[in-house]
Each structure stands twice: as C-alpha cells, then as structure tokens.
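So you can see what is in the structure, the chains are spelled out below.
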Amino acid sequence: MNPSTIAKIFSIATRVVTEIAEGLRKGESNEEIRKRIATRAVILDEELNELRGIKTELDDYVRTGR
Amino acid sequence: MRRTFLVLTVSVLGCTHAQLERTGDAMLRAERATQALSDGAVQFGEQTKAECVAKDLQAESERAQCVAVARKVVEAAELGVSAVKTALVSFWGAYAVLETRAAAGGRLRASDLHPLLADVGVVGAAYADLVRTIQEAKK
C-alpha cells in the first residue's frame, strides 16, 4: 500500500471520527448508543465479508490463473 | 495509535465522566482507523490481483508468489477486524451502562472504567498488529 493511499485512508477516518465524537459529546440516549453498536457491528461484518471475498479471489487466482 | 494512548493517558488524569467520554472518543478513533485500513487492504488485494493477472503467469507457484504479500495483508486485516468487532460490542455495552449511571447523577469511580480500557487495549493491539503486518509487507 503506497503512502498516499494510507494518508487518504487516515484523512477519511479522521473526518468520520470527528463527526461521531461530536454526536457522542452532544449526549446520546442508551437506545441511540445500542442502535449505533448494531450499525457498527453490521459495518464490521460487511468489512469481514469483503476481506474473506478478496482472500477467496486471490486463492482462486493462484489455483486457476483467473 | 499514539494518539489513542495519549487520549487514554490524559483521561486517567481527568474527572471520571470526562474520562468516560474521552475513552469513547479513543475507541471510535481506533475502530474507524481499523475499518479504514481494512478497506485499504481490500483495495490492495484487488489491485494486486489485477496486476498479477496482467502478467499472465503460467505456474501456480509464480502466481502464489505474486499475491503472497496481498494475501498476508488481507489475512491480517481479517483477524484485526474480527478482534475489533468483539471488543466494540463489549465496550459499548459497558459504556451504555456507565453513561446511564452518570446521567442519573450516580458517581463513577475510576475503576469502573477498567473494563472499557481493557477493550480499548484489545482494539489497540489488533490495530498495531495490522499496521505492523502492512509495514512488513511493504519491505
């Protein structure tokens, strides 16, 4: 991964984090926090699926050349 | 990750409710950074595969060598995201309980935050492993 990709990733991450942290400081109810936990767990599940998908693609490529 | 630990250090010195909020901020930073790095790992995997396909490598061993670094990075990201997911469910569950107690005027003790800090530590370790793997892979 080249340095510009990493810089771009961190830039996006920082922006999103700032927005969420501001929401947190404004005070969320327990229900809102629970909703956010569920959302975050789903997001991370999607991340895991994507990672497993690309791992399978790489393995298939090694085996078949496609 | 340095920023996360700085936030945690500062939080230990502050009042407990402020600590709670700062610990939440630290967790969000670590989570988001890991998620972003995971996206980067997927992108890196796709890009590497496309480059290797373009080389039209005939031997399976050559193809395996061509994608070895990307596969290592993707595998490390998978382990990292999995650890983060487990820790975040535990963390935000405990956070909600403490936030409720604080909102009701209850006093929080510094020791109440220990389970939260342990979860942040898990995320921090997963993130550090992921970054180290990517750095090693770049060599």
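Rules of the game
Residues numbered from 1 in each chain as written. Chains lettered and ligands numbered in written order. Predicted model: local features only at pLDDT ≥ 70, side-chain atom pairs only at ≥ 80, totals over all residues. Heavy atoms only, no water. Helix = DSSP H or I, 4+ residues; strand = E, 2+ residues; numbered from the N terminus. Buried < 20%, exposed > 50% of the residue type's maximum accessible area, 1.4 Å probe, protein only. Contact = heavy atoms within 4.5 Å. Disulfide = S-S within 2.5 Å. Core = buried A, V, L, I, M, F, W, Y, C linked by side-chain atoms within 4.5 Å. Polar contact = N/O pair within 3.5 Å; in protein donor to acceptor, adjacent residues only side chain to side chain. Expected span 1.5 Å × (residues − 1). Bend = angle between axes of the 7 residues up to and from the residue.

What about the overall build of chain B?
Of the regular secondary structure elements, chain B holds 4 helices and 0 strands. Taken from N to C terminus, the helices and strands of chain B fall in the order α-α-α-α. Looking at the 139 residues of chain B, the share that counts as buried comes to 47%. In chain B, of all internal contacts separated by at least 6 residues, the share reaching a separation of at least 24 is 73%.

Here we look at the state of the cysteines
Residues and elements named next belong to chain B. Using the criterion set out here, one finds 1 disulfide over all chains in the structure. One disulfide in the model links C52 with C66; its S-S distance is 2.0 Å. Disulfide C52-C66: the torsion about the S-S bond is -95°, which places it as left-handed. In this pair, C52 is assigned in helix α2 (residues 16-55) and C66 in helix α3 (residues 60-103), connecting sequence segments 14 residues apart. According to the relative accessible area criterion, C52 is buried, its value standing at 1%.

A look at the nonpolar core
If you look at the biggest cluster of nonpolar residues, it comprises 43 residues, and the most contacted ones within it are L51(A), L20(B), M27(B), F91(B), W92(B) and L116(B). The set of elements that each furnish at least two residues to this core consists of α2 (30-64) of chain A together with α2, α3 and α4 (114-138) of chain B. It is α3(B) that contributes the most residues to this core, 16 residues altogether. Apart from the residues within four sequence positions on either side, L51(A) is in contact with S38(B), A41(B), V42(B), V74(B), A77(B), E78(B) and V81(B).

Concerning the side chain of E47(A)
You can see E47(A) is positioned in helix α2. Within polar-contact distance, the side chain of E47(A) engages the side chain of S38(B) at 2.6 Å. When residues no more than four places from it in sequence are discounted, the contact partners of E47(A) are Q35(B), S38(B), D39(B) and V81(B).

A word on α3(B)
Residues and elements named next belong to chain B. The terminal C-alpha atoms of α3 lie 61 Å apart, and with 44 residues this matches the ideal 64 Å at 1.5 Å per residue to within 8%. The principal kink in α3, of about 50°, is found at A68. Immediately downstream of α3, the backbone of G105 shows phi near 90°, a positive value.

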